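Spelled out, the chains give:
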Amino acid sequence: MRIPLLIGNWKMNKGPSETAELVEGLLAALEGISGVDVGIAPPFVSLHAAKGALVRPPMVLLGAQNCHWAESGAFTGEISPSMLAECGCSFAILGHSERRQFFGENDSGVSKRAHALLKAGMVPVVCVGETLDEREAGAHLEVVEKQLTASLEGIEAGSLGRVVIAYEPVWAIGTGKTASPEQAQQMHEHIRKILIKLGGAAVADGIRILYGGSVTPDNAAILLKQPDIDGALVGGASLDAQKFASIVRFSV
Ligand code: PGA
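The paragraphs below set out a description of the structure included in this document. (Residues numbered from 1 in each chain as written. Predicted model: local features only at pLDDT ≥ 70, side-chain atom pairs only at ≥ 80, totals over all residues. Heavy atoms only, no water.)

1. Let's talk about the overall build of the protein chain
This is how the line gets drawn: For helices the rule is a DSSP run of H or I covering at least 4 residues; for strands it is a run of E covering at least 2, with both sets numbered from the N terminus onward. As a reference, a globule follows 2.2 Å times the number of residues to the power 0.38, and the radius of gyration itself is taken over C-alpha atoms. When a residue's accessible area, from a 1.4 Å probe over protein chains only, is under 20% of the maximum for its type it is buried; when over 50% it is exposed; and in between it is partly exposed. Two residues form a contact once any of their heavy atoms are found within 4.5 Å. The convention is simple: Lys and Arg are positive, Asp and Glu are negative, and His and the chain ends are not counted. One atom stands in for each charge, and that atom is NZ of Lys, CZ of Arg, CG of Asp or CD of Glu.
When helices and strands are counted, the protein chain shows twelve helices and eight strands. Over its C-alpha atoms the protein chain spans a radius of gyration of 17 Å, differing by no more than 12% from the 18 Å that the globule rule assigns to 252 residues. Taken over the C-alpha atoms alone, the protein chain extends approximately 45 × 45 × 35 Å along its principal axes. Looking at the protein chain residue by residue over its 252 residues, the buried ones come to 52%. Counting only contacts in the protein chain whose residues sit at least 6 apart along the sequence, the fraction spanning at least 24 positions is 73%. Averaging the positions of the 21 positive and the 27 negative side-chain charges in the protein chain gives two centres separated by 2 Å.

2. Points about the environment of R99
Using the following cut-off: N or O atoms closer than or at 3.5 Å make up a polar contact, with two conditions inside protein: a donor-capable atom paired with an acceptor-capable one, and, for residues adjacent in sequence, both atoms drawn from side chains.
Tracing the chain through its elements places R99 in helix α4 (residues 97-103). Its relative accessible area of 24% is what places R99 among the partly exposed residues. The spacing of R99 and V23 is 76 residues in sequence and 25 Å in space, taken between C-alpha atoms. Ignoring any residue separated from it by four or fewer positions in sequence, one finds R99 in contact with N66, G104 and E105. At 2.9 Å, the side chain of R99 and the side chain of E105 are in polar contact.

3. A look at the packing of aromatic side chains
The test is simple: Here is the rule: rings of Phe, Tyr and Trp (six-membered ring for Trp) pair when centre to centre is within 6.5 Å. Planes less than 30 degrees apart are stacked, more than 60 are edge-to-face, and the remainder are tilted. Whether a charge sits over a ring comes down to the Lys NZ or Arg CZ being within 6 Å of the ring centre and within 35 degrees of the ring normal.
Counting across every chain of the model gives one aromatic pair. R99 extends its terminal NZ or CZ atom over the ring of F103, reaching a point 4.1 Å from the ring centre. Note that K112 overlies the ring of W69, its terminal NZ or CZ placed 4.2 Å from the centroid.

4. Considering the pairing of strand β6 (residues 164-167)
Quick reminder of the rule: Strand pairing follows a simple DSSP-based rule, namely that at least 2 bridges must link the two strands.
A two-sided burial pattern is seen for β6, the buried positions comprising V164 and A166 on one face and I165 and Y167 on the other. As paired strands, strand β5 (residues 123-128) and β6 are joined by four bridges and run parallel to one another. Paired with V125 across the bridge in β6 is V164. Relative to strand β7 (residues 209-212), β6 runs parallel, the two sharing three bridges.

5. With respect to the environment of E153
Along the chain, the position of E153 falls in the loop between α7 (140-151) and α8 (157-160). Taking relative accessible area as the criterion, E153 reaches 54% and is therefore assigned exposed. C-alpha of E153 to C-alpha of D218: the two residues are 65 residues apart in sequence and 36 Å apart in space. Ignoring anything within four residues of it in the chain, the contact list for E153 reads S111 and H115.

6. Notes on the packing of helix α1 (residues 16-30) against helix α12 (residues 241-250)
Note the threshold: All axes are obtained by fitting lines to C-alpha atoms, using only the stretch in contact for helices, and the reported angles, taken between N-to-C directions, cover 0 to 180 degrees. Note on convention: the crossing is left-handed when the near helix lies turned anticlockwise from the far helix by less than a right angle, right-handed when the turn is clockwise. Think of it as three bins: nonpolar holds Ala, Val, Leu, Ile, Met, Phe, Trp, Tyr, Cys and Pro, charged holds Asp, Glu, Lys and Arg, and polar takes everything else, Gly as well.
For the pair α1 and α12, the least separation of the axes is 9 Å and the interaxial angle reads 35°. In this structure, the crossing between α1 and α12 has a hand that is right-handed. Of the residues in α12, those in contact with L22, G25, L26, A29 and L30 of α1 are A241, Q242, F244, A245, V248 and R249. Its residues assigned to classes, the contact of α1 with α12 shows eight nonpolar, two polar and one charged.

7. What to know about the site of the ligand
Going by this rule: For this purpose, a residue is taken to be near a molecule or strand whenever a single non-hydrogen atom of the residue falls within 4 Å of it.
Taken together, the residues surrounding the ligand are N9, K11, H96, E168, A172, I173, G174, G213, S214, L233, G235 and G236. Side-chain polar atom of E168 to an oxygen atom of the ligand: 2.7 Å apart, as the coordinates give it. For the ligand, an oxygen atom lies 2.7 Å from a polar atom in the backbone of S214. Here the shell around the ligand is composed, by residue class, of three nonpolar, seven polar and two charged.

8. Looking at the sheet that holds β6
Overall, parallel pairing links the eight strands, which are arranged β1-β2-β3-β4-β5-β6-β7-β8 in a closed barrel. Neighbour-to-neighbour, the strand axes of this sheet turn through a mean angle of 25°, independent of strand direction. Contacts from α12 reach β1 (5-9), β2 (37-41) and β8 (231-234), with the element oriented near 160° to β1.

If you want it as structure tokens, here you go:
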């Protein structure tokens, strides 16, 4: 039985003072909800404020939106997994399509980052997803298979079980267009089959596969009901405590 996981990807929104306010609103809105794991990924500079505000139940996991693969060194502008752990992070989002599109990140970089996070005892949330052109060309299943296999390269079955996958069709992110429940379920099932190939059935069965792309309280219920959708990676709607909490409620 997979426990649902809902992560708020705040992207480049909310500095430290607004972070404290949003976290407080979120804790109040989440009160009384159980049986689900909830996480937030604020900008790096707001992690400290978030940690300071996450002082009372319900328990909310803290994560980052990216990380470097090295432990330390001459990598101007980068942050290592151990630094994130020190800030209270237990996970980091990797290979988000905005990182791939605007900052040149690729599967091999995602794989190096995933290895580094696992080594630091943290959870990589590995994002994959096709563009509209790729879907229209009927190449979406193949594209995601390639991304996933390359992004998880070299991760042994023992560690694979700790990874979270997020399927985010690029055409659905921030556009208001969501994949239909059938489209999403088809891809999640496909991803589960790839995970079986990589780590065996028992490991694949325990891995949480999140859906992301314009998830709102209006479409969350039907998406989260699909058998292979184990939660959501929520962008825009996670900046509103009430909306995010309603989405969380639909997962239990
Ligand atoms: P969105 O973003 O919910 O605003 O579409 C999702 C994401 O990019 O993680």
